[in-house]
Amino acid sequence: MRIVVAITGASGIVLGQILVEELAKQKHEIHLIVSRGAEEVARHEEGIDLSKAKKKAFKVYDEKDLAASLASSSFKIDAMVVIPCSMKTLSGIANGYADNLIARAAENCLKMNWKLIVCPRDTPLSLPALENMRKLKIAGACILPLNMAYYYKPKTVSDVNNFFVGKILDALGLEHSLYRKWGGK
Ligand SMILES: Cc1cc2nc3c(=O)[nH]c(=O)nc-3n(C[C@H](O)[C@H](O)[C@H](O)COP(=O)(O)O)c2cc1C
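Quick caveat, the model's predicted, so the values are computed rather than measured.

To continue, consider the site of the ligand. Within the structure, the ligand sits among 16 residues, and G9, A10, S35, G37 and S86 are positioned closest to it. For the shell around the ligand, the secondary structure elements donating two or more residues are α2 (36-42) and α4 (87-94). Per-element tally for the shell around the ligand: the top contributor is α2, with four residues. The residue makeup of the shell around the ligand, split by class, is four nonpolar, eight polar and four charged.

With that out of the way, let us pick up the environment of M87. Residue placement: M87 occurs in helix α4. By C-beta crowding, M87 is classed as partly exposed, having 19 other C-beta atoms within 10 Å. Sequence-distant contacts of M87, defined by excluding residues within four places in its chain, comprise D122 and A129.

Here we take up the sheet that holds strand β4 (residues 79-85). With parallel pairing, the six strands of this open sheet are ordered in space as β3-β2-β1-β4-β5-β6. The sheet is open, and its two edges are formed by β3 (59-62) and β6 (142-143), each paired on a single side. Sheet topology places β4 next to strand β5 (residues 115-120); five bridges connect them, and they run parallel. Bridge assignment links V81 to a residue of β5, and that residue is I117. Along the sheet, helix α5 (residues 101-112) contacts β1 (2-7), β2 (29-34), β3, β4 and β5; its crossing angle with β4, the most-contacted strand, is approximately 135 degrees.

What counts, and at which threshold
- Residues numbered from 1 in each chain as written.
- Predicted model: local features only at pLDDT ≥ 70, side-chain atom pairs only at ≥ 80, totals over all residues.
- Near = placed C-beta within 6 Å.
- Helix = DSSP H or I, 4+ residues; strand = E, 2+ residues; numbered from the N terminus.
- Nonpolar A, V, L, I, M, F, W, Y, C, P; charged D, E, K, R; others polar.
- Buried ≥ 20, exposed ≤ 12 C-beta atoms within 10 Å, placed from the backbone.
- Contact = placed C-beta atoms within 7 Å.
- Pairing = 2+ DSSP bridges.
- Axes fitted to C-alpha atoms, helices over the stretch in contact; angles between N-to-C directions.

Now the structure itself:
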């Protein structure tokens, strides 16, 4: 699959990094956009090395490059994941304010009915953020908030990270063994 991964300036940058690693293992064609905000947050979080993710991508884009192939809906993609998604990027996508390549590529997904998975991260949530999620859901996006579960008894942060990335792979329709799925009682 040809998949766009956008990493934006919300907490949990490592999740974008792990998603790229998992997709690369499965030999998908990854088009990666890392916002300036994400680069800033990455400096404050543990164990982040975005250069590794960039090396695994088929192509890396500058968020300001609105002349890139991804800016046009004539460049067909199979899916786009925004992980983590800041409230600012969420608003840009939900309101059609495409002033960078992330919001523009997501706008193309909405225009063309391509799969768009948005993983918002903030807590608590403001009314504008909730309204923006509602708008995006109506527009056809999959809203996949980074809410952890306890039933699979996570012991480490890595277990929690794998749960989130596994949920994204589920939403993409891809196989994985990142977390134990609920199989009924
Ligand atoms: C250390 C740090 C953590 C942040 N965490 C969040 C967050 O979890 N959620 C959020 O919406 N914004 C968060 N922000 C604020 C965003 O980075 C900021 O709104 C930025 O403009 C987002 O831009 P972008 O979406 O283009 O990356 C954080 C900022 C910093 C410096």
